[in-house]
Every structure is written in structure tokens, then in C-alpha cells.
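Secondary and tertiary structure notes
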Amino acid sequence: MSTIWRFSRFVTASVRTVLRGNPAYWAWLALLGVLIVSGALAYADQASTGLALTAMRDQVSWGFYIGNFTFLVGVAAAAVVLVIPAYIYDWKPIREIVIFGELLALSAIIMCLLFVLVDVGRPERLWHMMPPWGHINFPSSILAWDALVLNVYFLVNFVVVTHIIYRAFYGRPYAKRIVIPLVLASIPMAIGIHTVTAFLYNGMAARPYWNSSILAPQFLASAFSSGPAILLIVLQLLRRFTRFEIQDEAIWKIAELMAYAMFLNLFLHGVEAFKEYYSNTEHLLYTRYWFQGLGDHRTLVPFAWSAVALNLTAFLLFIMPAARQNPITLNIGCLATYAGCYIEKGMGLIIPGLTPDTLGEIYQYYPSMTELRVSAGVFALGFLAFTLMLKVAVAISLGELRGEPGMNAAWAQPQPIQPATARTSTS
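If you're wondering where the values come from, they're calculated on a predicted model, not measured in any experiment.

**Remarks on the overall build of the chain**
Of regular secondary structure, the chain possesses 16 helices and zero strands. Computed over C-alpha atoms, the radius of gyration of the chain comes to 22 Å, within 12% of the 22 Å expected from 2.2 N^0.38 for 427 residues, which places it in the range of a compact globule. Its C-alpha atoms give the chain principal-axis dimensions of roughly 70 × 55 × 40 Å. For the chain, the residues scored as buried account for 50% of the 427 residues in total.

**Description of the packing of helix H3 (residues 64–77) against helix H6 (residues 98–119)**
The N-to-C vectors of H3 and H6 enclose an angle of 160°; their axes lie 8 Å apart at closest approach. Between H3 and H6, the crossing angle belongs to the class labelled roughly antiparallel. Crossing of H3 over H6 shows left-handed handedness. Contacts from Tyr65, Ile66, Asn68, Phe69, Leu72, Val73, Val75 and Ala76 of H3 reach H6 at Leu104, Ala105, Ala108, Ile109, Met111, Cys112, Phe115, Val116, Val118 and Asp119. Split by residue class, the contact of H3 with H6 holds 16 nonpolar, one polar and one charged.

**Topic: the packing of aromatic side chains**
Overall, the coordinates contain 24 aromatic pairs when judged by the stated rule. Both rings, one in Phe263 and one in Phe315, keep their centres 6.0 Å apart while their planes meet at 35°; by these two values the pair is tilted. In this pair, Phe263 is assigned in helix H10 (residues 248–279) and Phe315 in helix H12 (residues 301–319), connecting sequence segments 52 residues apart. An aromatic cluster is present here, built from Phe7, Phe10, Tyr166, Phe169 and Tyr170 joined pairwise through their rings. Above the ring of Tyr170, the side-chain terminus of Arg6 is found at 3.9 Å from the ring centroid. Over the ring of Tyr25 we find Lys391, and its NZ or CZ is 4.6 Å from the ring centre.

**Looking at helix H9 (residues 215–241)**
Given a rise of 1.5 Å per residue, 27 residues ought to cover 39 Å, and the 40 Å separating the end C-alpha atoms of H9 matches this to within 8%. Most of H9 is tucked away: 21 of the 27 residues are buried.

**Things to note about the pattern of salt bridges**
Taken as a whole and judged by the stated rule, the model has seven salt bridges. Notably, a salt bridge pairs Lys253 with Glu256, separated by 3.2 Å at the nearest N-O pair. Separated by three residues within a single helix, Lys253 and Glu256 lie in helix H10, roughly one turn from each other. On the basis of relative accessibility, which here comes to 17%, the residue Glu256 falls in the buried class. Within the structure, one salt-bridge network assembled from shared partners comprises Lys253, Glu256 and Arg324.

**Thoughts on the nonpolar core**
The tendency in soluble globular proteins is for nonpolar side chains to be buried side by side. Membership of the largest hydrophobic core comes to 116 residues, with the highest contact counts inside it found for Tyr87 and Phe100. When residues in this core are grouped by element, the largest group, 13 residues, is from H6. With residues up to four places along the chain from it excluded, the contact list for Phe100 reads Leu231, Leu235, Leu238, Phe244, Phe386, Leu390, Ala393 and Val394.

**A look at the side chain of Ser225**
Relative to the assigned elements, Ser225 resides in helix H9. Exposure remark for Ser225: the relative accessible area of 0% places this residue in the buried category. In contact with Ser225, not counting residues within four places along its chain, are Met258, Ala261, Met262, Thr337 and Cys341.

**Observations regarding the state of the cysteines**
This structure, assessed with the given rule, holds zero disulfides. Cys334 takes part in no disulfide bond, and the closest cysteine sulfur to it belongs to Cys341, at a distance of 11 Å. Classification of Cys334 as buried rests on a relative accessible area of 2%.

**Section: the confidence of the model for the chain**
The predicted model of the chain averages 88 in pLDDT, with 94% of residues at 70 or higher. Put simply, helix H5 (residues 92–95) is where the chain has its lowest mean pLDDT, 75, and helix H2 (residues 23–49) is where it has its highest, 96.

Procedures and definitions
Residues numbered from 1 in each chain as written. Predicted model: local features only at pLDDT ≥ 70, side-chain atom pairs only at ≥ 80, totals over all residues. Heavy atoms only, no water. Helix = DSSP H or I, 4+ residues; strand = E, 2+ residues; numbered from the N terminus. Rg over C-alpha atoms; globule rule 2.2 N^0.38 Å. Buried < 20%, exposed > 50% of the residue type's maximum accessible area, 1.4 Å probe, protein only. Axes fitted to C-alpha atoms, helices over the stretch in contact; angles between N-to-C directions. Parallel < 35°, antiparallel > 145°, perpendicular 65-115°, else oblique. Left-handed = near helix turned anticlockwise from the far one by under 90°. Contact = heavy atoms within 4.5 Å. Nonpolar A, V, L, I, M, F, W, Y, C, P; charged D, E, K, R; others polar. Phe/Tyr/Trp six-rings, centres within 6.5 Å; stacked < 30°, edge-to-face > 60°. Lys NZ or Arg CZ within 6 Å of the ring centre and 35° of its normal. Expected span 1.5 Å × (residues − 1). Salt bridge = Lys/Arg side-chain N within 4 Å of Asp/Glu carboxyl O. Core = buried A, V, L, I, M, F, W, Y, C linked by side-chain atoms within 4.5 Å. Disulfide = S-S within 2.5 Å. pLDDT = per-residue confidence, 0-100.

Here it is, written out as C-alpha cells:
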């Protein structure tokens, strides 16, 4: 049996799997489809008319799109929170679910690249940075570094996930000589993608709000909080609606790691706020616009303190074992983490960094309906990719999808990834 034939059989079986599901599954896909179509139509208008359909102007040239891009880079980088305990420390409860973190990373990078695409006013000119036709200005351009690390990180995760799931489909162990080096390489890559994204901001000396050496660790701390928050919700949904068994210890450990990351996030933001307010230079203007407002311009102030309150709430819930082991408080903490980091990485990063502008003008930016529709479509595409990949991975894990009848369809390699044990049916 040739490799090409075997792989085509795997692809065909995967397609058949995603085309089967209960009414709730199809309702979810229908909702994502509606958002995708709406986003595509809005983007078609934007591509035809120009970025004038957005609320971005010369004063605020980065807006909702780049805010979402920055947040999602952190979600992609957060896969390392599972990869290290699974592959480095070989901790069994995390080993069973690490592949879902890698699937989330793939989906997040897809959304990152799409948000960059929709933010470009003339996307047909992107070939200018694609060798051999164009020139990417590597290594002098930080944007070139960012494009490179994102695409390489996506490729590494795609190869690892596809190889593991494909081999598991045929009941065979994955090849350590392929997976282990790539997984080890993905750890510094995960840190690198968010570090380079931070460098895009703090390399701008004319933007004092971003020109801080601790911006990169701030990005990483918030990333290691928000990414696992999404994954914890997904894992609980899997446990609730499928026969996939996920140990409580894995969920509790992820929540504990999130508490440490959130502490660092709050600490670094506090340090930066102290530096700005204690020095009381003209650069305090941008931080004051975020936390206090300037004159009558106080639109962002409620969001600023909401982000602080949400992050503090999440930290307090996750640092207490009783709270993180209670499903209700655990999910409240996850939602608080996601919302707090999303506000902080979106409007809390982009708008104060550009307001007031270099001439002192305060332009109050609000995302236009076009931006909201396009962004909803991008998120829907990412969630669609994640849903379909997750459905195939779970089906293989539970033995519902296999290459040969009677074949053991579990993740066949005994370490560092093992299959989750299916629940015994009570019906």
C-alpha cells in the first residue's frame, strides 16, 4: 500500500467524519457559515471602496484588526503551556490533551494571518514581499521577522499534528525522529512569535506608550493566561458532549499555571504604571488617556478598569485550589481571563499608543460595522477550522475513525502522547 494511497484514504475518511454530526453540530456550523458569508461580503466592500469604510484614519492607523491579531498571536503561543509539561516533563494528564492545544495554535495562526490580510489596504500588492518576485527586506525589517516566525511556527505545528493523527489513524506510533525535534523547536518559536510581535510595537521610539523593554514579557504573560482559558472551555465541552475522558488533574493544573501567568501579567502592568506615574513626564499622557481620560475624552476609562478588575478576579479564582477545582468558579475565571486580556491586548494596547497623535489631536476611534463584520468572519473561519480538526482528532482518539477494521485507533505511541480513555456508556 503506497504512502500516497494511505494518506488519501486518511483524508477521505476525515472528510466523511466532518460531514457527519448531530443537530447541534450542524447548527454550530451553520452559525459559523452565516458569519463567514457576512464577513466576506463586508470585506468585498472594503476591498472595493478602500479602508475608508473602516474607522481607521491617519491619527489611528491601527485598529480593531491589528488588536485582534496581537491577541491571537498570544493564543497561538500559549500552546507551549501544554507542550512543556507533556513533552519535557512527560506528565500523563497533560499528554492526553496536548494535541488539542496544538490544534488551537494552528487555528489561531490562521486567524492571525487573515487579520493581517484584511488590514492591508492593497492586498494584491503582497507579492512585493514574496521572494523571488519581491523583496521581504529580511533581516532588517521587523515585519519580515514577524511574517517568517508566524509561518514557520504554523508549518511546524501542522506537520506535528498531521503526522501524529495520521499515524494514529492506522494504529501506528509516530516517528520520534520527526516529532520530538519539531516539538522542541516549537517551544522557542512559541515564545519568539509573541516576542517579535512585541518588538513591532516597542521598536517605535516615537510612540512612548509602546517604547518599553518589558512589553515582550507582558505579552507572554497575558498570552499564557488567555490561550489556556479558551482551551479549558473547549476541554469541558468535549467532556460534556463526547465520550472523551479528560482528567480533572489536567484541567486543574492548567488553571494553576494560568494563575502564575496572570500574576506576572498584573505585576508587569503595575510596574509599568508605577514608572509612568512616578516619573510624571510628558509621556504619562498616553497612560493617563487609558486609565483616567484626557479632559472630556474618557471613552476608554471604563474599559481600562474593567480589564484590571477582570484580570484580578481571574487571578484570585485560579490561585485558590478550591475555586479552580469548582466548575462554576473555574469557568467564571476563564471568561474573566479571556475578556480581560482581550480588552487589554486590543483597545488597551492599540488606541492609547496612538492617542493623542504626534500633533496632539485626540481622535476617538470606534470600530465600524465593516470592521466588526469582517472580524466576526475571520473568527468564524478560525473556529470552523478548529471545529473540523477537533472532530477528526476526537474520532480517531475514541476509535470511531480507523484505518483498518479492528485496528487499535488510539494514539499508539506510549509517550509522550497517549489516548484519553473513553467513558463507559451507561445507556
